[in-house]
Amino acid sequence: MQHNSSSPSRIENAIYEEHIPGASHWSLVVPAGHLLTVTDLEGGANASMLFYNPTNLLERYNAPDTLKGQHTFKLTQGHCLYSDMGRIFCSIVSDDTGWVDSVGGVANKQKVQDKWGTRDYQHDHNNWLQNGYDSLLVEVAKYGLGKRDLAANINIFSKVVSDDQGDLTFVESHSKAGDSVGLRFEMDTLVIISTCPHPMNPSNEYPNLPVQLSLSKAAPVEIDDQCANLCGENTRGFENNRRYQCQHGHTHTVGA
Amino acid sequence: MITESLLQAEQAVRRDIVPAGDYYMKVVKAGQTLRILDLEGNQAADTLFYNANDPSERYSAMDTIREQGSVYLTAGTKLLSNDGNTLMEITADTCGRHDTLGGACATESNTVRYSLEKKCMHACRDSWLLAVAENPQFGLSKRDITHNINFFMNVPVTKEGGLTFEDGISGAGKYVEMKAAMDVIVLLSNCPQLNNPCNAYNPTPVEMLVWNEV
């Protein structure tokens, strides 16, 4: 598959960078104190993500706790992504797009078929019309998880707004080529990622768009850190992490 | 949308009072109608639904709001599963709006939202964990405790992407009614939260009424 995009700006001191094609899925454990930068290479990408505690897979990303705790519907720079155990998996330390979708979920096979046609590996090979649901399901299965463990995901590079009546609209052309989102991990985290298209994307063609992942050491969390100080809730979330990390011998905490 | 029901309480085949801070976990059969009645007003009813014949199929907030194109639930809303099937359809609603973004309270999230010292206050997710432990016949566990509906709760979202917990818009005698499209396990926590206005700082009972299909 050909990608004609220009090379994204390289992340300083990257431990490694990797290319994830569209319609694909991958996972990695990001240790506390590391920065995962996700870059939209061509514009219009979507990265559906889920987060689990690798040492207790029952602890997982919790959308409601994340949203209500920070009194927000959108997620962007300054926000933290919470587990159901009151801890912070990661902080959004940068977001070129200004809005990460919190509610759109993923498309299943039927939805992709209705919108873009039948999934046909023999004909299309890895350009097949993979759907986000199967994509996440396969990736979590590598860790012994299944359908019962697929919680509400976030969609990086996608924006879904609600009007005063609660009616939802997908905002087209939200993310531009080269836009990136930086996630600083506050605890060791299993990250599940799918690059299948957003279920509300109205594109006539199946959007098969790649992202780049870049892993680097995060700068220390300073005492005036934007995410840790966004609201009292986040200050308390960081304190929960501090108490958790001391059980695990880590020192990645505010002011450490 | 305010839609009154024609069903009479005297004709119900099952009536259960769920005290404040307690749970309800029962099967509602395909074709039956369930009413959740806010007896004293301003009570949040945190509810999950599962396909009784395959509980790995369960209520999905994301699929429900995306497919109806709106974040609020009311009469006409189809409560969709993670497989995209209808579990329940809301057929009557005298409250007008119900939340499915705010989730349920937990001891851990209480530490974040209010204070680390609030961690041992009773919470919905504890009620659900007790429910699944006391009802092993359903084969559910913590991994099945997912993203729920808050009947009678008002969580407005703004165009700018804000979200707030506001005083409930329910009142004594308000109800929401839904018809089961398949056999459904209804798992409800009658919310014990004392730290925000979702229960008007005073948790009270709800009643669960079930009617057979006429």
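A quick note: this is a predicted structure, and the numbers were derived from the prediction, not measured.

Caption draft 1: Highlighting the overall build of chain A. Per the secondary structure count, chain A includes five helices and 13 strands. At 18 Å, chain A has a C-alpha radius of gyration in line with the 18 Å of a compact globule built from 256 residues. Principal-axis analysis of the C-alpha atoms gives chain A an extent of 55 × 45 × 35 Å. Counting the 256 residues in chain A, one finds 55% classified as buried. In chain A, of all internal contacts separated by at least 6 residues, the share reaching a separation of at least 24 is 77%.

Caption draft 2: Spatial organisation of helix H1 (residues 61-68) of chain B. Taking burial as the measure, the eight residues of H1 of chain B include six buried ones, the bulk of the element. For H1 of chain B, the secondary structure elements touched by its buried residues are strand S10 (168-170) of chain A together with strand S5 (78-80) of chain B. Following H1 of chain B by one or two positions, Gly69 of chain B has its phi on the positive side, about 70°.

Caption draft 3: Main features of the environment of Leu34 of chain B. All names here are of chain B. The topology assignment puts Leu34 in strand S3 (residues 33-38). For Leu34, a count of 24 C-beta atoms within 10 Å corresponds to the buried category. C-alpha of Leu34 to C-alpha of Val186: the two residues are 152 residues apart in sequence and 9.4 Å apart in space. Aside from chain neighbours lying at most four places away, what touches Leu34 is Val28, Glu177, Met178, Ala180, Val186, Met208 and Val210.

Caption draft 4: Up close: the sheet that holds strand S2 (residues 23-28) of chain B. All names here are of chain B. With antiparallel pairing, the four strands of this open sheet are ordered in space as S2-S9-S4-S7. Single-partner strands in this sheet number two, and they are S2 and strand S7 (149-151). Between one strand axis and the next, the sheet turns through 25° on average, direction left out of account. In the sheet, S2 pairs with strand S9 (residues 184-190) via six bridges, with the strands oriented antiparallel. Residue pairing across strands places Tyr23 opposite Ser189, the latter belonging to S9.

Caption draft 5: Looking closely at the interface of chain B and chain A. Residue-level contacts link 34 residues of chain B with 42 residues of chain A. Mapped onto the side of chain B that touches chain A, the elements with two or more residues apiece are H1 and helix H2 (107-113) of chain B.

Caption draft 6: Representation of the sheet that holds strand S6 (residues 86-93) of chain B. Residues and elements named next belong to chain B. Strand order in the open sheet made by the six strands is S1-S10-S3-S8-S6-S5, with antiparallel pairing throughout. Because the sheet does not close on itself, it has two edges, and the strands there are strand S1 (14-18) and S5. The average angle at which neighbouring strand axes cross in this sheet is 25°, direction not considered. Pairing of S5 with S6 involves three bridges; the strand directions are antiparallel. Residue pairing in the sheet places Leu80 in a bridge with Thr86 of S6.

Caption draft 7: Spatial organisation of the pairing of strand S13 (residues 211-217) of chain A. Residue and element names in this part refer to chain A. Pairing geometry for strand S1 (residues 14-20) and S13, over six bridges, is antiparallel. Within S13, the position partnered with Ala14 by the bridge is Ser216. Bridge analysis of strand S3 (residues 34-40) against S13 gives seven bridges, and the strand direction is antiparallel. Directly across from His34, in S13, lies its bridge partner Lys217.

Caption draft 8: The arrangement of the confidence of the model for chain A in detail. Confidence in the prediction of chain A, expressed as mean pLDDT, is 94, and 93% of residues score 70 or more. Contacts from residues 1-6 of chain A, a stretch scored under 50 in pLDDT, to residues over four places away or in other chains number nine contacts.

Caption draft 9: View of the environment of Gly21 of chain B. All names here are of chain B. Tracing the backbone through its elements, the reader meets Gly21 in the loop between S1 and S2. Considering only alpha carbons, one finds Gly21 and Ala9, twelve residues apart in sequence, at a separation of 24 Å. In contact with Gly21, not counting residues within four places along its chain, are His122, Ser127, Asn190, Pro192 and Pro203.

Caption draft 10: View of the environment of Asp96 of chain A. Residues and elements named next belong to chain A. Looking at the element boundaries, Asp96 is found in the loop between strand S7 (88-95) and helix H2 (109-116). In this structure Asp96 comes out as partly exposed when scored by C-beta crowding, with 16 C-beta atoms within 10 Å. Sequence spacing of Asp96 and Val181 is 85 residues, and the spatial spacing of their C-alpha atoms is 6.3 Å.

Quick notes on the rules
- Residues numbered from 1 in each chain as written.
- Chains lettered and ligands numbered in written order.
- Predicted model: local features only at pLDDT ≥ 70, side-chain atom pairs only at ≥ 80, totals over all residues.
- Helix = DSSP H or I, 4+ residues; strand = E, 2+ residues; numbered from the N terminus.
- Rg over C-alpha atoms; globule rule 2.2 N^0.38 Å.
- Buried ≥ 20, exposed ≤ 12 C-beta atoms within 10 Å, placed from the backbone.
- Contact = placed C-beta atoms within 7 Å.
- Pairing = 2+ DSSP bridges.
- Axes fitted to C-alpha atoms, helices over the stretch in contact; angles between N-to-C directions.
- pLDDT = per-residue confidence, 0-100.

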